[in-house]
Amino acid sequence: MLVERLRADETGEAMRRLYRLYGGELYGFTLNALGDRGTAEEIVQEVFLRAWRHAGRYDPGRAGVRTWLYQIARNAIIDSRRRAAVRPGLPQHEPSRDAEGGATLEQAMLGWQVAAALERLTPEHRQMIRMAQFRGLTMREIAEHTGLPLGTVKSRTWYALRSLRLVLEEMGVSPS
Amino acid sequence: MREELGAYILDALEPAEREAVAAHLAGCPSCTAEHARLAALPALLTHAEGLEIPAAPRAIEERLLDRIARERGAGRRRRLRHRGWIPAWGRGRALAVGALAGMALGVGATALVLREDSSAAPPVSYSVVLSGTGGASARAQLSPGHGGTEVHMWVQGLPPGGETVYEVRCERAGWSASAGSFRTDARGRAYVVLTTAARLGEYERIRVVRRSDTSDVLSGQLN
């Protein structure tokens, strides 16, 4: 496994692969939570550095790699917010719903993982879900918009949802 | 009817179609079970609305790999020192003097001692010539600093510009420490100031590799 290879790998290839697999979504998650690119970059770097330092403690039986990295990122974001809170004059982060934004962060983590799951669908399946769920279009409207037969749109939507469910299960995200 | 379920779950059917699916579900355990497996997805998807996964910033990747290489090098140095394998500064100094002698005798050493201080502190700087294929060459000036080595490097003759990232490594048999990375300008040149946790005397050569595939680009021996 990639995480198990991190410490022994002298070439940096294992870390490079880990970063390229998860760096984008973790950066999106962190930037969204902190609102500052520079701070988000520092946090993401710190997340992967902590992962490298503590790779020996990672237990695949307890959480998937993605979940483990998100937990590290969540903790790093909370630490960053605490530091910013005691340093007046620094840019204020977006208001959160509880003292440290824990509940909001949990929702955001979920959102970014679902977004990552969508990215793993085929473009055709992703398109169906986006148009129906996010744009609120009916099957008939999607068929008109895309020029596809109505039956194809319905079929793709069905298989898109089934694929999404499978991807989420693989990622350890429970839809229920 | 089963393929209508996706649209039904996403509430994307016309009213009459929707009623037909609802009526079917009331009498079809199989479709009801399928519906139950997927019914939670729309609520989950609301969390992802408006989120676009950005590309992982390359700058973070480079800094991260540099940092890990340094920590790895520092850890290795501590372990080697503990075992007595790392030469003390006096031995590094002897290496520098040896390099000077090699140059004086015309033996072909490429490491030149630029200055030698008579104080007890490690004062010696090296100038190392690196050569590569296709006319690429570089000169590196190495001096003690920041608990390791400060590396000033002038590079020329590499492919111009682009996304290629080169990594500078300080190496001896069996181990390697990164000193950082650089890109070339539009003329295939670069001047960089880098630092590494590896100290003078702990490595025998400077090597520049292409970071994407770690292939050799330039290399120069210290002694």
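*Asks:* Before we move on, can you summarise the nonpolar core with the specific residues and values?
*Replies:* In this structure, Met15, Val47, Phe48 and Ala73 of chain A are the most contacted members of the largest nonpolar core, which totals 93 residues. Leaving out residues up to four positions away in the same chain, methionine 15 of chain A has contacts with Leu6, Phe48 and Trp52 of chain A together with Leu64, Leu65 and Ile68 of chain B.

*Asks:* Describe in detail the packing of helix 3 (residues 37-53) of chain A against helix 4 (residues 65-85) of chain A, supporting the description with residues and values.
*Replies:* Residue and element names in this part refer to chain A. Direction vectors running N to C along helix 3 and helix 4 enclose 130 degrees, while the axes themselves pass 9 Å from each other. Relative to helix 4, the element helix 3 lies oblique. Remark: the crossing between helix 3 and helix 4 carries right-handed chirality. Judged by residue contacts, Thr39, Ile43, Glu46, Val47, Arg50 and Ala51 of helix 3 engage Leu69, Ile72, Ala73, Ala76, Ile77 and Ser80 from helix 4. Taken together, the residues of the contact of helix 3 with helix 4 sort by class into eight nonpolar, two polar and two charged.

*Asks:* Requested: an account of the pairing of strand 8 (residues 205-210) of chain B, with residues and values cited.
*Replies:* Residue and element names in this part refer to chain B. As paired elements, strand 5 (residues 166-172) and strand 8 share six bridges and run antiparallel to each other. Counted as the bridge partner of cysteine 170 is isoleucine 206 from strand 8. Two strands pair when backbone bridges link them, and strand 8 and strand 9 (residues 215-221) are joined in this way by six bridges, in the antiparallel orientation. Across the sheet, residue valine 208 finds its bridge partner in strand 9, namely leucine 218. Where strand 8 hands over to strand 9, the hairpin turn is made up of four residues, of which threonine 214 adopts a positive phi near 55 degrees.

Rules of the game
Residues numbered from 1 in each chain as written. Chains lettered and ligands numbered in written order. Predicted model: local features only at pLDDT ≥ 70, side-chain atom pairs only at ≥ 80, totals over all residues. Core = buried A, V, L, I, M, F, W, Y, C linked by C-beta atoms within 7 Å. Buried ≥ 20, exposed ≤ 12 C-beta atoms within 10 Å, placed from the backbone. Contact = placed C-beta atoms within 7 Å. Axes fitted to C-alpha atoms, helices over the stretch in contact; angles between N-to-C directions. Helix = DSSP H or I, 4+ residues; strand = E, 2+ residues; numbered from the N terminus. Parallel < 35°, antiparallel > 145°, perpendicular 65-115°, else oblique. Left-handed = near helix turned anticlockwise from the far one by under 90°. Nonpolar A, V, L, I, M, F, W, Y, C, P; charged D, E, K, R; others polar. Pairing = 2+ DSSP bridges.

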